[in-house]
Amino acid sequence: MIRSMRLLSFIFLLILMLSCNMNRDNSVTNYEDHRIAMVIADLYLTGQILEDVPDSIRDSLRIVYREQLSTIHKVDMDLMEQDIEIVQGKPSRYVSVHKIVRDSIAAYEARYKLRK
């Protein structure tokens, strides 16, 4: 009798824990969408810069750029990468964030052309 009560309690707790996990909002991010967009834009620009860098130093520079982006934007890049994955998994939110990214990159390009 006691054994069956323990088993029943265990199953109940297991179901309760699983249901709590399923109800967790997976769209909550550590950073606001605008900050996520600014980091994505800078990651894109960093990627463009690194395309022309020799393979022998590309990985080292990627690490340095990642640390600099973390400092500049005051973010933890591991958490930011999680946030980017969350945003990418939500199509309407991704479109909104990606628009900010496109506008930001367009502004960078316009400033670059003015300097030439």
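Fair warning: this is a prediction, and the values are worked out from it, not measured in the lab. (Residues numbered from 1 in each chain as written. Predicted model: local features only at pLDDT ≥ 70, side-chain atom pairs only at ≥ 80, totals over all residues. Heavy atoms only, no water.)

Chemist: Even after reading the chapter, I still don't get the pattern of salt bridges, so can you show me in this structure?
Modeler: Pairing between side chains of opposite charge can happen when the charged atoms of each approach one another. Under the definition given, this model contains 7 salt bridges. Between Arg-66 and Asp-78 there is a salt bridge, and its shortest N-O distance comes to 2.9 Å. Pair noted here: Arg-66 is in helix H3 (residues 55-73) and Asp-78 is in helix H4 (residues 77-88), with a separation of 12 residues, a long-range link. What makes Arg-66 partly exposed here is its relative accessible area of 31%. Note on Asp-78: relative accessible area 46%, which makes it partly exposed. Linking Glu-81 and Arg-66 is a salt bridge whose minimum nitrogen-to-oxygen distance equals 3.0 Å. (Salt bridge = Lys/Arg side-chain N within 4 Å of Asp/Glu carboxyl O. Helix = DSSP H or I, 4+ residues; strand = E, 2+ residues; numbered from the N terminus. Buried < 20%, exposed > 50% of the residue type's maximum accessible area, 1.4 Å probe, protein only.)

Chemist: What's the story with the side chain of Ser-104 in this structure? I'm lost.
Modeler: Its place among the elements puts Ser-104 in helix H5 (residues 91-115). The residues contacting Ser-104, other than those within four sequence positions of it, are Met-38 and Ala-41. (Contact = heavy atoms within 4.5 Å.)

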